[in-house]
Amino acid sequence: MKIMLVRPKPHKNSLGLTDLMTCEPIELEYVSTLIKELGHKVNVVDMILEKKSLDELVREYKPKIVMFTSYITHVNVIKEYSDIVKNVNKNIITAVGGVHSEVLPEDFKYKNIDYVLGINGMKNVEILIKAIEKNKKPKFEHKSIDKTYKLPMPDRHITDKYRKHYDYAYHVPCALLKTSFGCPFNCKFCFCVQITNHSYYERELSPVIEELKNIEEPNVFIVDDNFLVNRERIKTFCELLDKSNIKKTFIIFGRADFIVKNPDMIELLSKHGLDAVFVGIESFKQSDLNDFNKKTDVETSEKASEVLYKYNVDLYAGAIVGPDWDKKDFKNFAKWIKSMHIRYVNLQPLVPLPGTPIYDDYKEQLLLKREEYEKWDLTHLAIMPTKLTPTEYYFEIIKGYFRTTASFSSLEYMRKKCGLKVALKCFKGAMKMLWHYIKMMWEYRSVGKYEKKQ
């Protein structure tokens, strides 16, 4: 049986960061291994990079099943893809997996989508395939997350035709690695904790190291929602790196409070290739952190930046712009970022994603329609600003980038660290992102209902 796995291309109305970063579809590489172990043929199609149309690819490969991976911005894209597949052959079975199908499977109720895999996606892939083999209807496992499931070794060669294009910002080329699932914390805006139903569980490190041994790329982005949780696990991870003589450059996600409380772990990781930590500092205003249930304070972010700076580890800052920010707030935020030696910041409006607790808090104030999935990309305004017009708000975000990430000092730092070629690539991607904001400024400016209230 032939099975096609598809990573969708971002919708034209979404901010696609593909000019800045294109990570490998590791979830499909895991599924590819599973399908081969079940004795079937598989093909992975990355529509972000693929030059052929989906229609052409389906006609050429003639799959029995086509499966899509999903984020919220892909919902309408996947529905369009399912129309294309069924138009080629109405008997082709279509299925959707991925994180959005796990949290909000109802969003994929559509005439041409046959199955939604939901939670326990890998197990449900196997259930689906075995049911189709027997010409039976699958009975998926949707009641609770199976924390004991062992991931197979990802089939990284299935994406060989695309691999040279996989990177993460300044890390070129770059592979992905997953060592744990979920996060012990419960920030109200976070979609990640919804995927695991607020559970946190870790993979055994032995198979993780085996995966690392098979990664050819020099850069590895560990895509755990929070890698900095367990001191002893970090020590063991570094010991196993030494034992296996693995030398890679790592990027991870981590919280500021762990960094401050465990500077020795940052020192240890820095000696084992840690290059950057993506930290959700979120805001310079304590009131925002309290509203987000962040369970930390502004001073902790400042101390974390000092620890990382001391051990020559870059801090990639995630920041959320509140709807009540004014021009002074934006200016003070940029000044705060620069004072911490932070070169890279992702500055986004507060977007209460469906499925998160904060969505209910703002449900009656939303500018975005629930079904405008492609606009839930963390750049479109979801909440009306209270002190600025939307146009002014976007303009302040743009200025915020030029004061921080796109400043001359940051660009020069990037050039010295990564080389001119990589720096120019990232600068080009950043300019496309800023152009996206400029277009949205014009879009909101031309709609009367978004005018500033007097």
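Here, every reference points to the structure presented above.
Residues numbered from 1 in each chain as written. Predicted model: local features only at pLDDT ≥ 70, side-chain atom pairs only at ≥ 80, totals over all residues. Heavy atoms only, no water.

**Q** Honestly, the side chain of Ser-301 in this entry has me stumped. Any pointers?
**A** In this structure, Ser-301 sits in helix α12 (residues 298-310). The class for Ser-301 is buried, based on a relative accessible area of 3%. Once residues within four sequence positions are removed from consideration, Ser-301 is found in contact with Ala-256, Ile-281, Trp-336 and Met-340. (Helix = DSSP H or I, 4+ residues; strand = E, 2+ residues; numbered from the N terminus. Buried < 20%, exposed > 50% of the residue type's maximum accessible area, 1.4 Å probe, protein only. Contact = heavy atoms within 4.5 Å.)

**Q** So what exactly am I meant to see when it comes to empty space enclosed by the protein here?
**A** Using a probe with the size of a water molecule, rolled over the atoms, empty space left in the structure can be pinpointed. As enumerated under the stated definition, the model contains three cavities of 30 Å³ or more in all. Reported here for the second largest cavity is a volume of approximately 50 Å³. Every residue lining the second largest cavity is listed: Ile-222, Phe-227, Phe-237, Leu-241, Phe-250, Ile-252, Leu-269, His-272, Gly-273 and Leu-274. Every element with two or more residues in the lining of the second largest cavity is listed here: α8 (231-243) and β12 (249-253). Considering only residue class, the lining of the second largest cavity consists of eight nonpolar, two polar and no charged. (1 Å grid on protein atoms, 1.4 Å probe; cavity = no way out; pocket = protein on both sides within 12 Å on 5 of 7 lines; lining within 4 Å. Points joined across faces, edges and corners; volume = space filled by probe spheres on them. Nonpolar A, V, L, I, M, F, W, Y, C, P; charged D, E, K, R; others polar.)

**Q** Just checking my understanding: could you explain the packing of aromatic side chains for this structure?
**A** Enumeration according to the criterion identifies 23 aromatic pairs in this entry. Note on Tyr-168 and Phe-221: the rings are 4.3 Å apart at their centroids and 40° apart in plane angle, and the pair reads as tilted. One end of the pair, Tyr-168, is in strand β7 (residues 167-168); the other, Phe-221, is in strand β11 (residues 219-222), with 53 residues separating them in the sequence. Ring geometry for Phe-181 and Tyr-201: centres 5.3 Å apart, planes at 25°, overall stacked. Here Tyr-201 lies in strand β10 (residues 200-202) and Phe-181 lies in strand β9 (residues 180-182), a separation of 20 residues in the sequence. For Tyr-201, a relative accessible area of 17% corresponds to the buried category. Feature note: the residues Phe-284, Trp-325, Phe-330, Phe-333, Trp-336 and Tyr-393 constitute an aromatic cluster, connected by ring pairs. (Phe/Tyr/Trp six-rings, centres within 6.5 Å; stacked < 30°, edge-to-face > 60°.)

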